[in-house]
Structures are given as C-alpha cells and as structure tokens.
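# Observations on the three-dimensional arrangement
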Amino acid sequence: IEPSFSPKMVDKEVNAVDSEHKKNMADTTWRLIHLLKSRANPESPVSKFSTGNLETLKLEPEKAGKSLPQALRKFHQENYCSSRMHLVIMRNASIEQQLAAAER
C-alpha cells in the first residue's frame, strides 16, 4: 500500500495545514518558539523546518512550475523505507496490553 498523492487530496491537506498555521499565529507560545528558531544556528535542522501555509506549500511552488504531488511522490520513493519506521505507544496500560493493542 502506498499513498496516491492525488492532487485533490494534496490540496485538501495543504488547506488543513494552512488553517492550522493561521490558528497558531495568534498563539504566544508558538510565536516564542519561532523567535527562538530564528536565532538558531543556520546549519542546524532546527532553523530550517517550520510550518507551511498555502503560499509556501502551493502558490509559490506552482508559480515556479513545480508540482507538490510530484514532489511528494519523489520524496516518498526516495525516502520511504518501512524498516526505518518505529511505533511509539503511550497509554495508561500495562506493557502486555499495549503490545496486544499494537498487534491488532
């Protein structure tokens, strides 16, 4: 099973990310985190990742002739590897119960 990255679903997700970004902009904690990130060493991964919005994820790339669904497919093909994945479960349950839930 692999994702289809259909343009319709990618657009839906971009709009969800944009809505979340707009909601976060008014949050003081979020703004302080971004202030600290802006002061991070430019070589650090911390300084490079941030949330996206409609402009950065869709409009700007499309103006440059880039396709987000194509970029996602390429990233998935080049980087997805199930052996790199890890499952983390945090529950108020015994180890045995958590393992049983993970196996279902």
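Not measured: the values here are computed from a predicted model. (Residues numbered from 1 in each chain as written. Predicted model: local features only at pLDDT ≥ 70, side-chain atom pairs only at ≥ 80, totals over all residues. Heavy atoms only, no water.)

## Topic: the pattern of salt bridges
Applying the stated rule across the entire model yields five salt bridges. Between Lys22 and Asp18 there is a salt bridge, with the nearest N and O atoms lying 3.1 Å from each other. Of this pair, Lys22 and Asp18 both sit in helix 1 (residues 7–24), separated by four residues, roughly a single helical turn. The partner of Glu55 in a salt bridge is Lys63, with the nearest N and O atoms 3.9 Å apart. With a relative accessible area of 32%, Glu55 lands in the partly exposed category. The exposure class assigned to Lys63 is exposed, which follows from its relative accessible area of 71%. Here the salt bridges do not stand alone but share partners, grouping Asp11, Lys58 and Glu62 into one network. (Salt bridge = Lys/Arg side-chain N within 4 Å of Asp/Glu carboxyl O. Helix = DSSP H or I, 4+ residues; strand = E, 2+ residues; numbered from the N terminus. Buried < 20%, exposed > 50% of the residue type's maximum accessible area, 1.4 Å probe, protein only.)

## Here we look at the environment of Lys58
Relative to the helices and strands, Lys58 resides in helix 3 (residues 54–63). Lys58 sits ten residues away from Leu68 along the chain, and the two C-alpha atoms are 6.8 Å apart. Excluding residues that lie within four positions of it along the chain, Lys58 makes contacts with Asp11, Val14 and Asn53. (Contact = heavy atoms within 4.5 Å.)

## Focus on the packing of helix 1 against helix 3
Here helix 1 crosses helix 3 at 140°, and the two axes come no closer than 9 Å. Comparing their axes, helix 3 and helix 1 come out oblique. On the side of helix 1, the interface is formed by Asp11, Val14, Asn15, Val17 and Asp18, while helix 3 contributes Leu54, Leu57 and Lys58. (Axes fitted to C-alpha atoms, helices over the stretch in contact; angles between N-to-C directions. Parallel < 35°, antiparallel > 145°, perpendicular 65-115°, else oblique.)

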